[in-house]
Amino acid sequence: MSLQGKHIILGICGGIAAYKSVSLLRLLVKAGAEVQVVITPAGKEFITPVTLSALSQKPVVSEFFTANTGEWHSHVDLGLWADCMVIAPATASSIGKMAHGIADNMLITTYLSAKSPVFIAPAMDLDMMAHPSTQANLRLLESYGNHIIEPEVGYLASGLTGKGRMEEPERIVEVLQKHFASTETMKGKKVLITAGPTHEKIDPVRFIGNYSSGKMGYALAEECASRGAEVTLVSGPVSLSISNPSVKVEKVESAKQMLAACQNHFPAVDVAIMCAAVADYAPAHPADSKIKREHQEVPVIELVKNPDIAATLGAAKKPGQQLVGFALETDHEFDNALEKLARKNLDMIVLNSMRDRGAGFGTDTNKVTIFTRESRKEYPLKSKREVAADIVDAIINHGCELSSEQ
Ligand code: CTP
């Protein structure tokens, strides 16, 4: 995999790990990328611009303008030029500034202007890394669609050992190569995603619903869009929003509305991911006005079965379309997941077990096992955005296997 012709901004902050940025720059250039280095004033205390400009064959940008000539360095132009930006090392201070838009140096203004995907490789002492402020800032940056390249556990400049060592340059290059390769595959692909719960109306003020927050489906939508896909997100009632403008959000309330929206879009999509926690039953006769407590016997709500959206799409699936489902189980997890995969004619099913801590509704993390008809892979506990990346990688791999079989 090469990075031939890719425009990459390498952002360097002031930390000991800046010495590794030199190797990273060399590897990026060797892989064929055109690299523009942007360094913070503190970064220059750790590594000299002369080394960086010699290796990148471009003047290093650090200030808003060159002092003696007054030449203005446009962060807006840089942001438009780049195919991706990688900030390595990213210090706690710069991570905080990026998360909160404190644009007091060229690196942060460039970050705020960047239209391309941004990869952030933190490097700091273990306690700084573990601090709730740093963690909250990283999760905030992730929720804006940035990719965090988690640091490793290892020996740190402080002499301590723990999580905070910047990922090795070779590995960062691999992450970028994988990103561009999967962007090629996903570019222009049409993806349909369902997310959140459905609300089944009892009367104008009450409904049957569930605890789904929609976070997993929204993370999937962000992930697919960041890789160039055209995404339609059919969302039940949640309080989330999407930052990527190439995701079209269609809000629905009930399972019936979700089914209608999905049937409308499904014939034209390449991939459909059924992430919604659809209510299995709906009141048979929702009341037109509020059911009053006084003058009433305890009401009995008659329920009817909701349509199975995944199974309906599974029955209508054409060759070349991939249908992915989810299974949230409390027991007999593997058997239930495989049974759903077959019954709904899915190509892949993502299992989360309610028995795993940090998995399931409402959390920011998830722990999944991904099944196809032929394979099973278990993943560790990760943020929902990282899980979304794993799922999209699995879809891409499975799609490649399917097309090589045809
Ligand atoms: N699903 C759906 N429509 C439904 C129910 C589920 O599209 N009416 C989809 C979900 O989005 C998920 C998959 O089917 O991708 C499995 O959902 P789940 O609730 O685990 O399965 P159910 O078929 O509802 O079975 P059960 O609740 O009995 O476990």
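Above: the structure in question.
Residues numbered from 1 in each chain as written. Predicted model: local features only at pLDDT ≥ 70, side-chain atom pairs only at ≥ 80, totals over all residues. Heavy atoms only, no water.

## Comments concerning the site of the ligand
- Near the ligand lie 14 residues; those nearest to it are Met 274, Ala 276, Ala 310, Lys 340 and Lys 344.
- Here Ile 309 contributes a backbone N or O atom positioned 3.0 Å from a nitrogen atom of the ligand.
- In the complex, the protein chains occlude 77% of the 570 Å² of accessible area that the ligand would expose alone.
- Top contributing element to the shell around the ligand by residue count: strand β16 (residues 322–329), with 4 residues.
- Among the residues forming the shell around the ligand, the class breakdown is 9 nonpolar, 1 polar and 4 charged. (Near = heavy atom within 4 Å. Polar contact = N/O pair within 3.5 Å; in protein donor to acceptor, adjacent residues only side chain to side chain. Areas by Shrake-Rupley, 256 points an atom, 1.4 Å probe, with all protein chains shown as cover. Helix = DSSP H or I, 4+ residues; strand = E, 2+ residues; numbered from the N terminus. Nonpolar A, V, L, I, M, F, W, Y, C, P; charged D, E, K, R; others polar.)

## Considering the sheet that holds strand β2 (residues 34–39)
- With parallel pairing, 5 strands are arranged side by side in an open sheet as β2-β1-β3-β4-β5. The strands lining the two open edges of the sheet, one partner per strand, are β2 and β5 (147–148).
- Relative to β5, strand β4 (residues 118–122) runs parallel, the two being bridged by 2 bridges. Pairing of Ile 120 across the sheet is with Ile 148, part of β5. (Pairing = 2+ DSSP bridges.)

## Here's the deal with the packing of aromatic side chains
- One pass over the structure, following the stated rule, counts 1 aromatic pair.
- Summarising the aromatic geometry, the rings of Phe 334 and Phe 371 are spaced 5.3 Å apart at their centres and angled 80 degrees between planes, so their arrangement reads as edge-to-face. Remark: Phe 371 occurs in strand β19 (residues 368–372) and Phe 334 occurs in helix α12 (residues 333–343); sequence separation between them is 37 residues.
- Residue Phe 371 is classed as buried on the basis of its relative accessible area of 2%. (Phe/Tyr/Trp six-rings, centres within 6.5 Å; stacked < 30°, edge-to-face > 60°. Buried < 20%, exposed > 50% of the residue type's maximum accessible area, 1.4 Å probe, protein only.)

## Digging into the nonpolar core
- Judged by nonpolar contacts, the single largest core of 34 residues is most densely connected at Val 191, Ile 193, Leu 220, Cys 224, Val 231, Ile 273 and Ile 391.
- For this core, the secondary-structure elements that each account for two or more residues are β8 (190–195), α9 (215–226), β11 (230–235), β13 (271–274), β16, β17 (348–353), β19 and α13 (384–405).
- In contact with Cys 224, not counting residues within four places along its chain, are Met 186, Val 191, Ile 193, Ala 229, Val 231, Ile 273 and Val 392.
- Formed by 31 residues, the second largest nonpolar core is a distinct cluster that contains Ile 8, Ala 17, Leu 28 and Leu 52. (Core = buried A, V, L, I, M, F, W, Y, C linked by side-chain atoms within 4.5 Å. Contact = heavy atoms within 4.5 Å.)

## Looking at the sheet that holds β17
- Spatial strand order, β12-β11-β8-β13-β16-β17-β19-β20: 8 strands in an open sheet with mixed pairing. Where the open sheet ends on each side, the last strands, each with one partner, are β12 (247–251) and β20 (376–378). Each strand of the sheet is rotated relative to its neighbour by a mean of 15 degrees, with strand direction disregarded.
- Pairing of β16 with β17 involves 6 bridges; the strand directions are parallel. In the strand pairing of β17, Val 324 is matched with Met 348. (Axes fitted to C-alpha atoms, helices over the stretch in contact; angles between N-to-C directions.)

## Some details on the packing of helix α4 (residues 92–100) against helix α7 (residues 132–143)
- Packing of α4 against α7 leaves a shortest axis separation of 9 Å and a crossing angle of 45 degrees. It follows from the interaxial angle that α4 and α7 lie oblique. Handedness of the crossing formed by α4 with α7: left-handed. Each of Ala 92, Ile 95, Gly 96, Met 98, Ala 99 and His 100 in α4 lies in contact with α7, whose residues at this interface are Thr 134, Asn 137, Leu 138, Leu 140 and Leu 141.
- When its residues are assigned to classes, the contact of α4 with α7 shows 7 nonpolar, 4 polar and no charged. (Parallel < 35°, antiparallel > 145°, perpendicular 65-115°, else oblique. Left-handed = near helix turned anticlockwise from the far one by under 90°.)

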